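# Understanding the architecture of this molecule
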Amino acid sequence: MSKGAAAAGVKGGKKKGSIFVIDCSKPVEDKIMEIASLEKFLQERIKVGGKAGALGDSVTVTRDKNKITVTADSAFSKRYLKYLTKKYLKKNVVRDWLRVIASNKDRNVYELRYFNIVDQEGEEED
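The text that follows walks through the structure, step by step, so that each part is easy to find. Since the structure is predicted, the reported quantities are computational estimates derived from the model, not experimental observations.

How each quantity is defined
- Residues numbered from 1 in each chain as written.
- Predicted model: local features only at pLDDT ≥ 70, side-chain atom pairs only at ≥ 80, totals over all residues.
- Heavy atoms only, no water.
- Helix = DSSP H or I, 4+ residues; strand = E, 2+ residues; numbered from the N terminus.
- Buried < 20%, exposed > 50% of the residue type's maximum accessible area, 1.4 Å probe, protein only.
- Contact = heavy atoms within 4.5 Å.
- Areas by Shrake-Rupley, 256 points an atom, 1.4 Å probe, with all protein chains shown as cover.
- Salt bridge = Lys/Arg side-chain N within 4 Å of Asp/Glu carboxyl O.
- Expected span 1.5 Å × (residues − 1).
- Arc of directions from axis to C-beta.
- Core = buried A, V, L, I, M, F, W, Y, C linked by side-chain atoms within 4.5 Å.

### Side note on the overall build of the protein
Helix and strand content of the protein: 4 helices and 7 strands. When the helices and strands of the protein are placed in sequence order, the string is α-β-α-α-β-β-β-β-α-β-β. Taken over 126 residues, the protein has a buried fraction of 30%. Counting contacts in the protein only where the partners sit at least 6 residues apart, residues at least 24 apart contribute 55% of the total. Total accessible area on the protein is roughly 9,200 Å²; 49% of this is exposed by carbon and sulfur atoms.

Now the structure itself:
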């Protein structure tokens, strides 16, 4: 073991925390989905130490009006949060209309947006 690796292990007393936000304002305002059910889904499905639902003190899921905040004390993957959100959308059969996109303004924010569907002018639905 080199000196650099040993020194880095000693200085590791600082916790690496991460905060991620899922902005569900558009679908919640249109009453397509309920934000409480997404919060419950995340609390049940997030795995900590290989066990789903056992969040303990390391991960907290909180809900504001139209946003869900996931706070992790240890290393937590943003991609995993996107995966779980897409799984929730698929389960509730709204995956065809909504997509999960990282925000341009803040890198720790995901937004649920509608697909941009362009209707053809010649067709009308009955």
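### Considering the pattern of salt bridges
Where side chains of opposite charge bring their charged atoms close, a pairing between them can arise. All told, the structure shown has 3 salt bridges when counted by the stated rule. Across the pair lysine 40 and glutamate 44 runs a salt bridge whose closest N-O atoms are separated by 3.2 Å. Residue lysine 40 and its partner glutamate 44 are both found in helix 3 (residues 35-45); the two are separated by 4 residues, about one turn of the helix.

### Some details on helix 4 (residues 78-91)
Taking 1.5 Å per residue, 14 residues should reach 20 Å; helix 4 reaches 20 Å between its end C-alpha atoms and fits that length. Of all the positions in helix 4, only Leu81, Lys82, Leu84, Thr85, Tyr88 and Leu89 are classed as buried. For helix 4, the buried positions fall inside an angular range of 165 degrees around the axis, keeping them on one side. Pointing more than 90 degrees away from the buried face of helix 4 are the exposed residues Arg79, Lys90 and Lys91. If you follow the buried residues of helix 4, they end up packed against strand 1 (18-23), helix 3, strand 5 (67-72), strand 6 (98-102) and strand 7 (109-114). Once helix 4 ends, the next one or two residues include valine 93, with phi positive near 55 degrees.

### What to know about the nonpolar core
Formed by 26 residues in total, the largest nonpolar core has its most connected members in Met33, Leu42, Ile46 and Val70. Within the residue set of this core, elements represented by two or more residues are strand 1, helix 3, strand 4 (59-63), strand 5, helix 4, strand 6 and strand 7. Each residue touching methionine 33, except ones within four places of it in the same chain, is listed here: Cys24, Pro27, Val28, Leu38, Tyr88, Leu89, Leu98 and Leu112.

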